Protein chains: 2
Amino acid sequence: MVTNMRAQTKLREKTDKPWNLDEIGQFLGQQGIRPSFHRLKIFEYLINERTHPTADEIYEVLKKEIPAISRATVYNTLRLFFDRKIVQVLNIEKNEARYDATLTWHGHFKCLLCGQVYDVEIESLELSGLDNYQVLEKHLDLKGLCPSCSHKK
Amino acid sequence: MVTNMRAQTKLREKTDKPWNLDEIGQFLGQQGIRPSFHRLKIFEYLINERTHPTADEIYEVLKKEIPAISRATVYNTLRLFFDRKIVQVLNIEKNEARYDATLTWHGHFKCLLCGQVYDVEIESLELSGLDNYQVLEKHLDLKGLCPSCSHKK
DNA sequence: GTTTAATATTGTAATGGTTACAAATATGAG
DNA sequence: CTCATATTTGTAACCATTACAATATTAAAC
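Visitor: Where do I start with the overall build of chain A in this structure?
Guide: Along its length, chain A carries five helices and six strands. Starting at the N terminus and walking to the C terminus, you meet the elements of chain A as β-α-α-α-α-β-β-β-β-β-α. Taken along the three principal axes of its C-alpha coordinates, chain A extends 50 × 45 × 30 Å. Residue pairs in contact within chain A that sit at least 24 positions apart in sequence constitute 56% of those at least 6 positions apart. Accessible surface computed for chain A: about 8,200 Å², of which carbon and sulfur atoms make up 49%. Taken as two groups, the 22 positive and 21 negative side-chain charges of chain A have centres that lie 4 Å from each other.

Below is the structure:
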């Protein structure tokens, strides 16, 4: 028997309307997460920038606006979001966890030169040998050279 | 345009004949890797056990037979094998790198309870949006509960 | 068989992302 | 306002991996 998994929805586009803080607060509340200012800003960064940042990148960016924020809060909050299943953790490289608030099924491509992570649309995927396995997470990670780094070469 | 990737070959079966040290030595030689005893034993473990071990698991097992072996040698050797492209590194979890000497295209399933890593056959995979991307590595990682751990629950 | 240069291995210190934890702060109910 | 609870902070600890310098082994040349 073969398990057939298809992309259900379109990935978010750069042109999609960004979420505002009110919407984010409402969303976090629905998920049983009290919408503190830090949590709002961290989720806002993830959902609107969609650059698959590391915890440290989020910390560095938010520190400009919220100088008192601490690294521990960023890590705590990201773990909370993951536990509540509103973000996924990407372990493309073993020395850096990246975070993604887009939960629709898609893959990732990391450029080995510039380090950028791109979304990849998965048209279809068929697996076999998974009868009686309970699949809770799926990750498709590609590595290589992105178009602009291919040229540099 | 859609990139279509299919499994080219069957995965190794448990019943396949294990490699002996002579064959491994010959193989390493062909790859330009001098077949020292430690390298032979590390590759033997990877190719014949196929349990996707961590560096430390390999170290602990080989230490019984080669008490003088050091962790650094295991790490050095695994990195050498990866650089020479005869093993792949699995970053299913960010806190542990696992090694796999099977290079035919297949996925991995890690059980969140017992921690075991199983091979998954990929019947087909279609991706889009990768024009002009140069794909050098592909990883499909699943997590969940394996059949026996599903029952325990 | 020695010498010599190159390669492999070892033990340990350092690295760096992440987590643990206890203290300090903020929040919300009564 | 006060208390109990939840959040945030700063720092120390953790731990897999890497760096590195010293030692040992190998292979080739003599």
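Visitor: In this structure, what is going on with the packing of aromatic side chains? I would like to understand it.
Guide: Each aromatic ring pair is described using two quantities: the centre-to-centre distance and the angle formed by the ring planes. For the structure shown, the criterion picks out 14 aromatic pairs over all chains. Between the aromatic rings of W19 of chain B and F27 of chain B, the centroid separation amounts to 5.5 Å while the plane-to-plane angle is 90 degrees, which identifies the pairing as edge-to-face. Judged by its relative accessible area of 25%, W19 of chain B falls in the partly exposed class. In this structure an aromatic cluster arises from ring pairing among W19, F27, F43 and F81 of chain A. K138 of chain A extends its terminal NZ or CZ atom over the ring of W105 of chain A, reaching a point 4.2 Å from the ring centre.

Visitor: How should the layout of surface pockets be read in this particular structure?
Guide: Here the largest pocket defines a volume of roughly 860 Å³. Lining the largest pocket are 30 residues; nearest its centre among them are F82, V87, Q88, V89 and E137 of chain A. Taken together, the elements giving at least two residues each to the lining of the largest pocket come down to α3 (55-65), α4 (71-83), β2 (88-93), β3 (96-100) and β6 (134-145) of chain A. For the lining of the largest pocket, the per-class residue count stands at 13 nonpolar, seven polar and ten charged. Space inside the second largest pocket adds up to approximately 500 Å³. Two domains each put at least three residues into the lining of the second largest pocket: domain 1 (20-101) and domain 2 (104-153) of chain B.

Visitor: How should I be thinking about the protein's contact with DNA strand D in this particular structure?
Guide: Around DNA strand D, the surrounding shell holds 17 residues, and the nearest of these are R34, S36, R39 and T73 of chain A together with Y75 of chain B. Taking R34 of chain A, its side chain carries an N or O atom lying 3.4 Å from a sugar or linking oxygen of DNA strand D. In the model, a phosphate oxygen of DNA strand D is placed 3.1 Å from a nitrogen or oxygen of the S70 of chain A main chain. Residue assignment for the surface near DNA strand D shows that the elements contributing at least two residues are α2 (37-49) and α4 of chain A together with α4 (71-83) and β3 (96-100) of chain B. For the surface near DNA strand D, the element with the highest residue contribution is α4 of chain A, accounting for three residues.

Visitor: What should I look at first to understand the pairing of strand β4 (residues 107-111) of chain A in this one?
Guide: The side chains of a regular strand alternate between the sheet's two faces. When you tally the buried positions in β4 of chain A, you get five out of five residues, the bulk of the element. Joining the antiparallel neighbours β4 of chain A and strand β5 (residues 117-128) of chain A is a turn of five residues, in which G115 of chain A adopts a positive phi near 85 degrees.

Visitor: Would you mind going over the interface of chain B and chain A with me for this structure?
Guide: Buried accessible area, meaning the area lost when the parts come together, often serves as the stated size of an interface. Every contact between the two is made by 38 residues of chain B and, on the other side, 38 residues of chain A. In this assembly, chain B packs against chain A so that about 3,400 Å² is buried in total across both faces, 58% of it on carbon and sulfur atoms. Here chain B is connected to chain A by zero salt bridges. Taken together, the links from chain B to chain A amount to 20 residue pairs in polar contact (both at pLDDT 80 or more). Per-element tally for the side of chain B that touches chain A: the top contributor is strand β6 (residues 134-145) of chain B, with twelve residues. Of the residues assigned to the side of chain B that touches chain A, the class counts are 20 nonpolar, eight polar and ten charged. Of the pairings in the sheet, the one linking β5 of chain A to strand β5 (residues 117-128) of chain B comprises seven bridges and is antiparallel in character. From the neighbouring strand, E126 of chain A faces β5 of chain B, where its bridge partner is S124 of chain B.

The rules behind each value
- Residues numbered from 1 in each chain as written.
- Chains lettered and ligands numbered in written order.
- Predicted model: local features only at pLDDT ≥ 70, side-chain atom pairs only at ≥ 80, totals over all residues.
- Heavy atoms only, no water.
- Helix = DSSP H or I, 4+ residues; strand = E, 2+ residues; numbered from the N terminus.
- Contact = heavy atoms within 4.5 Å.
- Areas by Shrake-Rupley, 256 points an atom, 1.4 Å probe, with all protein chains shown as cover.
- Lys, Arg positive; Asp, Glu negative; His and termini not counted.
- Charge placed at Lys NZ, Arg CZ, Asp CG, Glu CD.
- Phe/Tyr/Trp six-rings, centres within 6.5 Å; stacked < 30°, edge-to-face > 60°.
- Buried < 20%, exposed > 50% of the residue type's maximum accessible area, 1.4 Å probe, protein only.
- Lys NZ or Arg CZ within 6 Å of the ring centre and 35° of its normal.
- 1 Å grid on protein atoms, 1.4 Å probe; cavity = no way out; pocket = protein on both sides within 12 Å on 5 of 7 lines; lining within 4 Å.
- Points joined across faces, edges and corners; volume = space filled by probe spheres on them.
- Nonpolar A, V, L, I, M, F, W, Y, C, P; charged D, E, K, R; others polar.
- Domains from an automatic or database assignment.
- Near = heavy atom within 4 Å.
- Polar contact = N/O pair within 3.5 Å; in protein donor to acceptor, adjacent residues only side chain to side chain.
- Pairing = 2+ DSSP bridges.
- Buried area = accessible area lost by both parts, 1.4 Å probe.
- Salt bridge = Lys/Arg side-chain N within 4 Å of Asp/Glu carboxyl O.

Any link to function would need more than the numbers given here.
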